[in-house]
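Structural features, examined
Single-letter residue listing:
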Amino acid sequence: MITGHELKTAIAQGRLSAVEAASQALARAQSLEPQLRAYIRFTPERALAQARRIDDLVRAGEDAGALAGIPIAVKDIFCVEGEITTAGSRILENFRSPYSSTVVRKLEEAGAVIIGKTNMDEFAMGSSCENSAFFPTRNPWDPTRVPGGSSGGSASTVGAWSVPIALGTDTGGSIREPASFCNIVGVKPTYGRVSRYGMIAFASSLDQAGPMTADVRDAAITLGVIAGHDPLDSTSVDIPVPDYAAALRSDLQGMRVGIVHEFEEQIASLDPQLAELYRKAYQALEQLGARLVEVHLPHARYGLATYYLIAPAECSSNLARYDGARYGVRADPGGDVYEMFERTRAAGFGDEVKRRIVLGTYALSAGYYDAYYVRAQKIRTLIKRDFDQAFAGCDVIAGPAVSCPAFELGAKSQDPVAMYLMDYFTIPMSLAGLPALSVPAGYIGGLPVGLQIVAPAFEEHVMLGAAHAYEQTTRHAWAATPPVAQTAASTS
Amino acid sequence: MADVPIDIDHVSRLARLALTKEEATRFSAQFSRLFEFIAELQSLDVNEISATAQVIPLKNVMREDVAQACLPRDVALENAPAREGPYFKTPRILDGES
Amino acid sequence: MSTAAIGSETGFEAVIGLEVHVELSTQSKMFCGCRNEFGAEPNTHVCPICLGMPGTLPVINRRAVEYLCKTGLALGCTIATDSKFDRKNYFYPDMPKNYQISQYDMPLTTGGGVRLPSGKLVRLNRIHLEEDTGKTFHAGGHMAAAEYTLVDYNRAGVPLMEIVTEPDIANPEEAEMYLGQLKAVLSYLGVSDVKMHEGSLRCDANVSIRPVGTTALGTKAEVKNMNSFRSVVRALRYEIERQAAALRAGERVVQETRNWDEGRGLTYSTRSKEQAHDYRYFPDPDLVPLTIERETIALWNAEMPELPLAKRERFLREHGLSDYEAGILTEDVVTADYFEVVAQAAQSAKQAANWLLGDVRRLLEKHELTLATTRMRPQALAELIRLVAAGTISGKAAKEVCDVMIATGQAPGVIIEQRGLAQTSDTGEIQSLVDEVVSANADSVASYKAGKTKALEFLVGQVMKASRGKAKVDIVRALLLERLG
């Protein structure tokens, strides 16, 4: 496994050119595609043009940016100027974006080299990448299993060591759950920390872009690049971005780590092996000098229902624009414009998207708005309060990211609610807008599992600091090679 | 199994989504378990609680009234499934506003 | 037909509420930086945001909020301390996002009112901010016969102010007065072009009738598609009578939307596929709430210009104008300001008023210009007035000069010179003309001497004609009288 910061140093020192790094990453990722199908499309021209630009700057002795020359992949939910951006959906399968999202712009300005757009659950709705309209992505640890979702493609390609950094999005767990399944680091920032401009909207009050990386340091550097106020996003906050890399710790002396009573009960009832893995993880934190304290999130159990009212409500409105009138695919049924809208949307959206649009429309509709949408937003307040109270007594919260390791393709796709339960531990933080990450925490039956760490709003540096200490002392991500990666064209 | 109260025909019409009968029946069944969870929400007393429409404490985010460069027309129309001259083209509108 | 007739004939009185949409004259659109400009080539003022492209987000235009709040202050409304934007969800090809960002339960202002010249106050319910839609064109004439629809999104996203009255308007004439007053206030504030023919002022009405003297409201119909003040009056008259006729015939008034058809002079029902509109309003999660501080309101108040009614009263006091004159001159701020410059420079409010309300108005129409578009500066008109007062030209010649000034913007002196319009006071010249005319018109001279004073005027006219209007008429008369003895 090569980390992004190692690659960057090699490029800066002239041991490797950016063009070489990009070409190797493209070759490796492409060679693994038959097994993984992590990408919707590769962008070799863009990658090589950027790589050449970086090489020119490096040769001239100039600063080419914090991510100079690092090959990265971005989830196909981020608009990239001149490239097709699909959000994993047929309805946008021909949409060529005339503009780039702010985060992509920032990454490219920092020298990152985008080699492709990764696969995802359609419009970010899903936890396995099986809802992609095009094909499912597979887990590099076992290609009969899912990589998680909705940022499945990004997780898979980083998990397979093809690129050290990818961009994902997290609305209810879509970065953390796949990071956990693929043995990588996945960070969901505080809501408002990173611009949403150019990121195709699913649930506006929950969506956040975040790094999915080989290690915590890469995540810290990447977050530092993409975070910050954007005048094009009214919900992005104008708070200075700390130097996250400088906040990475080697021990946890003086840190109070909250363990959530309700989560531990849930895990214990689900899987004793998992409970044991997390117990060991908490032990490791203690050995690093942290003090464990019990905290309570009594309303977290209502998170699932709350989320599945708010997110579909917002998405039913956000997805109304996909009607075949101005861009994207159009069905031609003959008849009037409304029939065109209806047929286009029926043909262009998959089942899960349709389900959520129906659910969301219902939750907002006359006579039900107060009982469902407003009530859910109030319970959201209760969930947020639980966290505020918990953080009065601890600096970070540690706990499960998932209730199981990666499951087999098809295992949960028949029952939507079984799939929704994959986000049980990640949804409450999303509802509260808090920063949370998943960091590799070990293996069960050879399959990776992640530890979730949560911090108070805008304290990503505390969260990353703790994750780094844990990562460096346990080194789980370095303990084994993902089976699919062993078959790849090798890199140095 | 919870009663699924959604009038799927009505709702899908509002959402301009032409569902087949099969889809409508299948979705209805699939929502059932979710509605068990949703029903639990009704038991909470939220009378004194304010709704969190926004988790961030921001107010008055606005921009100055300055005109900026727009998209060149051809770029704006580039993705249009149908166009006629400088216009986007859609099938006819039969009735009034909907 | 006046409303008094409706009331007495049928025993019904009308109850009317108006919803007026006003496009604000900001530089850029409500939620994006595209230029806000009427009449541009189709789809040239669009961007990913106002086209509703994937991933785009709105950002509020500060000036639009300011313009609406200033309108609220001018109309005595209560400015909300807390306000927000909501999404109004429905599908239509002119709606790029298939939802409109508008305001639902926390509008920027509530209350307030518009005082009509008659003294009556039409109360306002609210004023809120929203974004305008694009424009659709139906290929093939009338909507129902069209084969397809063409869409121009230039207008999509333009800031729109919606002003809603209470149902205080009692008849079509009051509606027209309301619109006139509102238009005047908005033009004074400079927040909108308020041109109904360009769509920057649009009006919908809610109309119901009830037996005279009762207080319960009847079923209302919404009337749309009225494109001028005159249409509003005609449409309201028609609709009131239609409802009265229905009730008289024992039928009920249906709550529905009706379009005014200017050509056929009637309203017709628009039956839409979705009978009930469920807009599923919810707070727009892409925007954050607004809090209007007291300091900001104080600042806005300090920036308020003199408003129409105040200016009208001042014109009566300071310039000694009649009610009628003051009314017309204060209808819009361009006219009012122009008048004041002329009055000041010419040292005569009366003359300024006479000219502006008389010949200037007529000549502007002739040239299809307005005071805003003519090149005739107010100082030039004042100069013209002074030249007439000084006797340099006759009143008749001045009209000709004014005509040219309005069209070309040339100074009066230049025009008078070029056309040789200056009056002559040369007594020698006039004397010879008098002698000629007297010699040539012996009969008239005899008539005059016989006591027919009209003959004098004829002779005066002849001298004026001979001088091609340039002789000063009082000198002509004096010399003639002298000659005739």
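Every chain begins its residue count from 1, and numbering advances along the sequence as written. Naming scheme: in the order in which they are written, chains are lettered from A and ligands are numbered from 1. Residue-level local features of this predicted model are given only where pLDDT is at least 70; pairs of side-chain atoms are given and counted only at 80 or more, and the full residue set underlies all totals for whole chains, interfaces and linings.

1. Looking at the overall build of chain C
How we decide: By the criteria applied, helices consist of DSSP H or I runs no shorter than four residues and strands consist of E runs no shorter than two, each listed in order from the N terminus. The globule rule is 2.2 Å times the number of residues to the power 0.38, and the radius of gyration it is compared with is taken over C-alpha atoms. Here the C-beta atoms are placed from the backbone, and a residue counts as buried if at least 20 other C-beta atoms lie within 10 Å of its own, exposed if 12 or fewer do, and partly exposed otherwise. In this description, any two residues whose backbone-derived C-beta atoms lie within 7 Å of each other are considered to be in contact.
Along chain C, the regular secondary structure elements total 16 helices and 18 strands. Expected size for 485 residues packed as a compact globule is a radius of gyration near 23 Å; at 30 Å, chain C overshoots this value by more than 25%. Overall, the C-alpha framework of chain C stretches about 95 × 55 × 50 Å when taken along its three principal axes. Relative to its full complement of 485 residues, chain C shows a buried share of 45%. Of all intrachain contacts in chain C linking residues separated by at least 6 positions in sequence, the fraction that spans at least 24 positions is 70%.

2. Remarks on the overall build of chain B
Check the secondary structure of chain B and you find 3 helices and 3 strands. Considering only C-alpha atoms, chain B reaches an extent of 55 × 45 × 25 Å along its principal axes. Looking at chain B residue by residue over its 98 residues, the buried ones come to 32%.

3. Details of the domain arrangement of chain C
Here is the rule we go by: In this document the domain limits rely on a domain assignment from an automatic tool or a database.
For chain C, the assigned domains are domain 1 (3-296), domain 2 (306-419) and domain 3 (427-484). The C-alpha centroid of domain 3 of chain C is placed 66 Å from the C-alpha centroid of domain 1 of chain C.

4. A word on the interface of chain C and chain A
Here is the rule: Basically, the charged four are Asp, Glu, Lys and Arg, the nonpolar ten are Ala, Val, Leu, Ile, Met, Phe, Trp, Tyr, Cys and Pro, and anything else, Gly included, counts as polar.
Across the boundary between the two partners, chain C contributes 26 residues, which contact 38 residues of chain A. Tallied by class, the residues present in the side of chain C that touches chain A amount to 15 nonpolar, 5 polar and 6 charged.

5. Here we look at the interface of chain B and chain A
A common way to state how big an interface is: give the accessible area lost once the parts meet. Taken together, the 46 residues of chain B in the interface contact 55 residues of chain A. Of all the elements in the fold, those that place two or more residues in the side of chain B that touches chain A are α1 (8-14), α2 (21-41), α3 (73-78) and β3 (87-91) of chain B. In terms of residue count, the dominant contributor to the side of chain B that touches chain A is α2(B) (10 residues). A class-by-class count of the residues in the side of chain B that touches chain A yields 31 nonpolar, 8 polar and 7 charged.

6. Some remarks on helix α3 (residues 172-189) of chain C
Residue and element names in this part refer to chain C. The line we're drawing: One less than the residue count of a helix, multiplied by 1.5 Å, gives the span that helix is expected to have.
Look at α3: 26 Å from first C-alpha to last across 18 residues, which is about the 26 Å you get at 1.5 Å a residue. Listed in full, the buried residues belonging to α3 are Pro-172, Glu-174, Ala-175, Met-177, Tyr-178, Leu-179, Leu-182, Lys-183, Ala-184, Leu-186, Ser-187 and Tyr-188. Two residues or fewer after α3 comes Gly-190, characterised by a positive phi angle close to 70°.

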